[in-house]
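Secondary and tertiary structure notes
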Amino acid sequence: GLRFWLRKADPLEVFGLRRVTGRALPGRALLFFAAALPLFYLAVQLTVQGLGAPEQSQEIVEYFRKSVAEKNVSAIWWTAAFAVLVAPFCEETIFRGYLYGAFKRFVGPEFALLGTAGLFASVHLSAAAFGPLLVLALCLSLAYEATGSLAVSMVMHAIFNAVNLAALYFLARSGG
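Quantities reported herein were computed from a predicted structural model and do not represent experimental measurements.

**Brief notes about the packing of helix H6 (residues 109-123) against helix H7 (residues 127-147)**
The N-to-C vectors of H6 and H7 enclose an angle of 135°; their axes lie 8 Å apart at closest approach. Comparing their axes, H7 and H6 come out oblique. Pair H6 / H7 crosses with right-handed handedness. The segment H6 lies against H7, with Leu 113, Leu 114, Thr 116, Ala 117, Gly 118, Phe 120, Ala 121 and Ser 122 engaging Phe 130, Leu 133, Leu 134, Leu 136, Ala 137, Leu 138, Ser 141 and Leu 142. Of the residues assigned to the contact of H6 with H7, the class counts are 12 nonpolar, 4 polar and no charged.

Have a look at this one:
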């Protein structure tokens, strides 16, 4: 079973990390990111209209805002490194690389897509962010499915986090 699979499987092949490489990787990730962004912000607008003023932001967002307000450069850089490098790698490996593939194999692609997207949105522990994160996760899974490469969803996720952190940074610096 699992021991045989782990011994015989090449993670680069299993996760499609050789399928999209080099110069094609950032371009594909940016293309999928550009397609996902309007859907994500539509989900944000629908959430704001449906829930009114959003409740408390995710803890990491509040920590980042506080770090910017206090001009804590070290905390800003560590948070950015975690959000742009560590989180996308870990989350994509777990949600798209492992769970999506396992769910797809046992319950079919539709449930795998919705189930892993729901889990992804849930683990971020924010009711206000659930809808937008669900949409983001659906887009990440579709990018993975379309390219067969986990690297595309990883880079797409990193770009998403980087863009949102940059926006948070400039809003916090301007007092917004």
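**Section: helix H3 (residues 24-51)**
Here H3 is 28 residues long and its end C-alpha atoms lie 40 Å apart, about the 40 Å a rise of 1.5 Å per residue gives. Those residues of H3 that sit buried are Leu 25, Ala 29, Phe 33, Ala 36, Phe 40, Ala 43 and Thr 47. Taken together, the buried residues of H3 touch H7 and helix H8 (150-173). Note on H3: the residue one or two positions beyond its end, Gly 52, has a positive phi of about 75°.

**Quick word on the pattern of salt bridges**
Applying the stated criterion across every chain, the model contains 3 salt bridges. The closest approach of N and O atoms between Arg 65 and Glu 62, which form a salt bridge, is 2.8 Å. Of this pair, Arg 65 and Glu 62 are both found in helix H4 (residues 59-69), 3 residues apart, which corresponds to roughly one turn of the helix. A relative accessible area of 32% means that Arg 65 is categorised as partly exposed. Classification of Glu 62 by relative accessible area gives partly exposed; the value is 28%.

**Quick notes on unusual backbone geometry**
Even without being a glycine, Lys 71 presents a positive backbone phi close to 55°. Inspection of the secondary structure puts Lys 71 in the loop between H4 and helix H5 (73-107). Assessed through its relative accessible area of 67%, Lys 71 is described here as exposed. The residue Leu 125 is not glycine, and still its phi comes out positive at about 50°. Given a relative accessible area of 76%, Leu 125 falls into the exposed group.

Definitions and limits used
Residues numbered from 1 in each chain as written. Predicted model: local features only at pLDDT ≥ 70, side-chain atom pairs only at ≥ 80, totals over all residues. Heavy atoms only, no water. Axes fitted to C-alpha atoms, helices over the stretch in contact; angles between N-to-C directions. Helix = DSSP H or I, 4+ residues; strand = E, 2+ residues; numbered from the N terminus. Parallel < 35°, antiparallel > 145°, perpendicular 65-115°, else oblique. Left-handed = near helix turned anticlockwise from the far one by under 90°. Contact = heavy atoms within 4.5 Å. Nonpolar A, V, L, I, M, F, W, Y, C, P; charged D, E, K, R; others polar. Expected span 1.5 Å × (residues − 1). Buried < 20%, exposed > 50% of the residue type's maximum accessible area, 1.4 Å probe, protein only. Salt bridge = Lys/Arg side-chain N within 4 Å of Asp/Glu carboxyl O.

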